[in-house]
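# What the coordinates show
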Amino acid sequence: MKKVYFDDIIACIFVLITILTVVANVGMRYFFNSPIRSAEEIATICFIWSVFIGGASCYRKKMHMGIDILVQIMPSKYRKIVELFVNIIVAMITGTAFCLSLKFTYISRIKPTAVLGISSAYVNSALIVGFGLIFIYTIIEILKIFKKKGDNDE
């Protein structure tokens with residue numbers, strides 16, 4: 001049985017809400033000439049969440065595009081070094097982005113959204129979750145590399 005991860009489920013739910021909201025708004029506008037006032041904002045918020053959670057999910061599954069032609073021709077020993085180096089750089093970048101998104105979300109908590117009037121922190125929290133998950137997944141990959149290295153030494 002295929003393992004299902006929470007980030008996949010959450011991203012799918014937000015995509016589904018985005019689609020349903022847009023379709024409902026189009027239907028209301030077309031058939032009743034009365035669009036849903038907050039539909040665009042709800043769809044935008046859900047889309048933002050689906051992008052950041054979905055991005056983390058893609059990173060976990062190694063589905064992001066990369067150009068690794070040079071790495072492929074390297075000996076296995078050097079590939080591991082490059083992989084470790086890249087993961088350390090990604091951890092540093094996403095760790096920094098995570099910290100900055102905490103500050104940004106904290107500052108934005110007092111700014112309400114245009115239509116719903118809810119705190120922008122609810123929208124910007126997607127940054128915290130997305131970058132946090134990528135950081136965690138990167139640390140897990142780094143630990144796996146060290147574990148593989150330890151297994152090869154024996």
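In what follows, the structure referred to is the one given above.
Residues numbered from 1 in each chain as written. Predicted model: local features only at pLDDT ≥ 70, side-chain atom pairs only at ≥ 80, totals over all residues. Heavy atoms only, no water.

## Topic: the side chain of Ser50
Definition in use: Comment: elements are numbered from the N terminus, with helices defined as DSSP H or I runs of at least four residues and strands as E runs of at least two. Relative accessibility thresholds used throughout: buried, under 20% of the residue-type maximum; exposed, over 50%; partly exposed, between the two (1.4 Å probe, protein chains only). Throughout, a residue-residue contact means that at least one pair of heavy atoms, one from each residue, lies within 4.5 Å.
With respect to the element layout, Ser50 can be found in helix α2 (residues 39–60). Of the residues examined, Ser50 reaches a relative accessible area of 7% and is grouped as buried. Apart from the residues lying within four places of it in its own chain, the contact partners of Ser50 are Ala11, Phe14, Val15 and Gly55.

## Here's the deal with the environment of Ile53
With respect to the helices, strands and loops of the structure, Ile53 is situated in helix α2. With 58 residues separating them along the chain, Ile53 and Lys111 place their C-alpha atoms 23 Å apart. When neighbours within four sequence positions are excluded, Ile53 is seen to be in contact with Asp7, Ile10, Ala11, Val129 and Leu133.

## Let's talk about the nonpolar core
Stated formally: Here the nonpolar core consists of buried residues drawn from Ala, Val, Leu, Ile, Met, Phe, Trp, Tyr and Cys, with membership extended through side-chain atoms lying within 4.5 Å.
Within the largest apolar cluster, 13 residues are counted, with the highest numbers of intra-cluster contacts made by Trp49, Ile53, Ala56, Leu133 and Tyr137. It is α2 that contributes the most residues to this core, six residues altogether.

## Considering a nonpolar patch on the surface
Rules: The patch calculation keeps residues exceeding 30% relative accessible area without a salt bridge and links them within 9 Å when they carry like charges or within 5 Å when they are nonpolar (Val, Leu, Ile, Met, Phe, Trp, Tyr). Method for areas: the Shrake-Rupley scheme with a 1.4 Å probe, in which residue coverage is limited to the protein chains shown. Salt bridge, as used here: a side-chain nitrogen of Lys or Arg that lies within 4 Å of a carboxyl oxygen of Asp or Glu.
A cluster of nonpolar side chains, namely Phe85, Val86, Ile88, Ile89, Met92 and Ile93, defines an oily patch on the protein surface of about 560 Å² accessible area. Structurally, Met92 can be placed in helix α4 (residues 76–108).

## Observations regarding the environment of Ile9
Structurally, Ile9 is set in helix α1 (residues 6–32). Its relative accessible area of 43% is what places Ile9 among the partly exposed residues. Sequence separation of Ile9 and Gly54 is 45 residues, and the distance between their C-alpha atoms is 9.4 Å.

## Remarks on the packing of α1 against α2
To be explicit about the condition: Every axis corresponds to a line fitted to the C-alpha atoms, with the helix fit spanning only the stretch in contact, and the corresponding angles, defined between N-to-C directions, vary from 0 to 180 degrees. Oblique is the label for any angle not under 35 degrees, not over 145, and not in the 65 to 115 range, which are roughly parallel, roughly antiparallel and roughly perpendicular in turn. With the far helix as reference, a near helix turned anticlockwise by less than a right angle produces a left-handed crossing, and one turned clockwise produces a right-handed crossing. Residues are sorted three ways: Asp, Glu, Lys and Arg are charged, Ala, Val, Leu, Ile, Met, Phe, Trp, Tyr, Cys and Pro are nonpolar, and all the rest, Gly among them, are polar.
Following both chains from N to C, one finds α1 and α2 inclined at 155 degrees, their axes separated by 8 Å at the closest point. Of the possible angle classes, the one that applies to α1 and α2 is roughly antiparallel. You can see that α1 and α2 cross each other, and the crossing is left-handed. On α2, the residues touching Asp7, Asp8, Ile10, Ala11, Phe14, Val15, Ile17, Thr18, Thr21, Val22 and Asn25 of α1 are Ala39, Ile42, Ala43, Cys46, Phe47, Trp49, Ser50, Ile53, Gly54, Ala56, Ser57 and Arg60. Classifying every residue of the contact of α1 with α2 gives 14 nonpolar, six polar and three charged.

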